[in-house]
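# Descriptive analysis of the structure
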Amino acid sequence: MNITFLFIGAPEVMIILLIVVMVFGADKIPEIARGLGKGIRQVKDATNEIKKDINESAKSQGLDTDFTKDIKNSISDVKENLDDITGPIKRNR
């Protein structure tokens, strides 16, 4: 089984973990992981807040931010056209 994460294989991950344990010690790793988790959470909250601000400013300017509705309508139109064209030659599944 060949597992890669960010172009790093399993042996490299094990070596990195071994070095982290040797440098910081086993008792500091939960604190480091907790700090990383808090940092990731803060970044996620900040990006959600930025998205919210962008959507609010777009709505105040009168811009339509619901692109998915337009895309879904276009896809359904294409499906209907394909169904009209291929109606008599549909295959049984």
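Residues numbered from 1 in each chain as written. Predicted model: local features only at pLDDT ≥ 70, side-chain atom pairs only at ≥ 80, totals over all residues. Heavy atoms only, no water.

### Topic: the overall build of the protein chain
Heads up, the rule is: Where helices and strands are cited, they refer to DSSP runs of H or I of at least four residues and of E of at least two residues respectively, numbered from the N terminus. Here's how the labels work: a residue is buried when its accessible area is under 20% of the maximum for its type, exposed when over 50%, partly exposed in between, all with a 1.4 Å probe on protein chains only. Here the accessible surface of atoms and residues is derived via Shrake-Rupley with a 1.4 Å probe, and residues count as covered only by protein chains that are part of the display.
Per the secondary structure count, the protein chain includes 3 helices and 2 strands. Burial statistics for the protein chain: of 93 residues in total, 3% are counted as buried. Total accessible area on the protein chain is roughly 9,000 Å²; 62% of this is exposed by carbon and sulfur atoms.

### A word on the pattern of salt bridges
Put simply, the rule reads: The salt bridge definition used is simple: a Lys or Arg side-chain nitrogen within 4 Å of an Asp or Glu carboxyl oxygen.
Within this structure, the stated rule accounts for 1 salt bridge. Notably, a salt bridge pairs Arg 41 with Asp 45, separated by 3.6 Å at the nearest N-O pair. In this pair, Arg 41 and Asp 45 are both assigned in helix H2 (residues 29–61), 4 residues apart and thus about one turn of the helix distant. Take Arg 41: its relative accessible area is 47%, and that puts it in the partly exposed class.

### Observations concerning a negative patch on the surface
Stated formally: A patch consists of residues exposed above 30% relative accessible area that lack any salt bridge, with like charges linked at up to 9 Å and nonpolar side chains (Val, Leu, Ile, Met, Phe, Trp, Tyr) linked at up to 5 Å. In this count, Lys and Arg are taken as positive residues and Asp and Glu as negative ones, while His and the chain termini are left out. All charge positions are set by atom: Lys at NZ, Arg at CZ, Asp at CG, Glu at CD.
Taken together, the side chains of Asp 77, Glu 80, Asp 83 and Asp 84 define an acidic patch exposed on the protein surface. Checked against the element boundaries, Asp 83 lands in helix H3 (residues 67–86). The class of Asp 83 is partly exposed, set by a relative accessible area of 41%.

### Remarks on a nonpolar patch on the surface
A cluster of nonpolar side chains, contributed by Ile 15, Leu 18, Ile 19, Met 22, Val 23, Phe 24, Ile 32 and Leu 36, occupies part of the molecular surface with about 810 Å² of accessible area. Elements with a contribution of two residues or more to the nonpolar patch: helix H1 (10–24) and H2. In this fold, Ile 15 is placed in helix H1. Take Ile 15: its relative accessible area is 51%, and that puts it in the exposed class.

### Comments concerning H1
Operational definition: Any helix carries an expected span of 1.5 Å times its number of residues minus one.
In this model H1 runs 21 Å from its N-terminal to its C-terminal C-alpha over 15 residues, within 8% of the 21 Å that 1.5 Å per residue would give. Two residues or fewer after H1 comes Gly 25, characterised by a positive phi angle close to 90°.

### A closer look at the confidence of the model for the protein chain
So the rule is basically this: For every residue, the predictor states its confidence as a pLDDT score lying anywhere from 0 to 100.
Averaged over all residues, the pLDDT of the protein chain is 83; the fraction at 70 or higher stands at 85%. The secondary-structure element of the protein chain with the lowest mean pLDDT is strand S1 (residues 4–5), recorded at 58, while H2 shows the highest, at 92.

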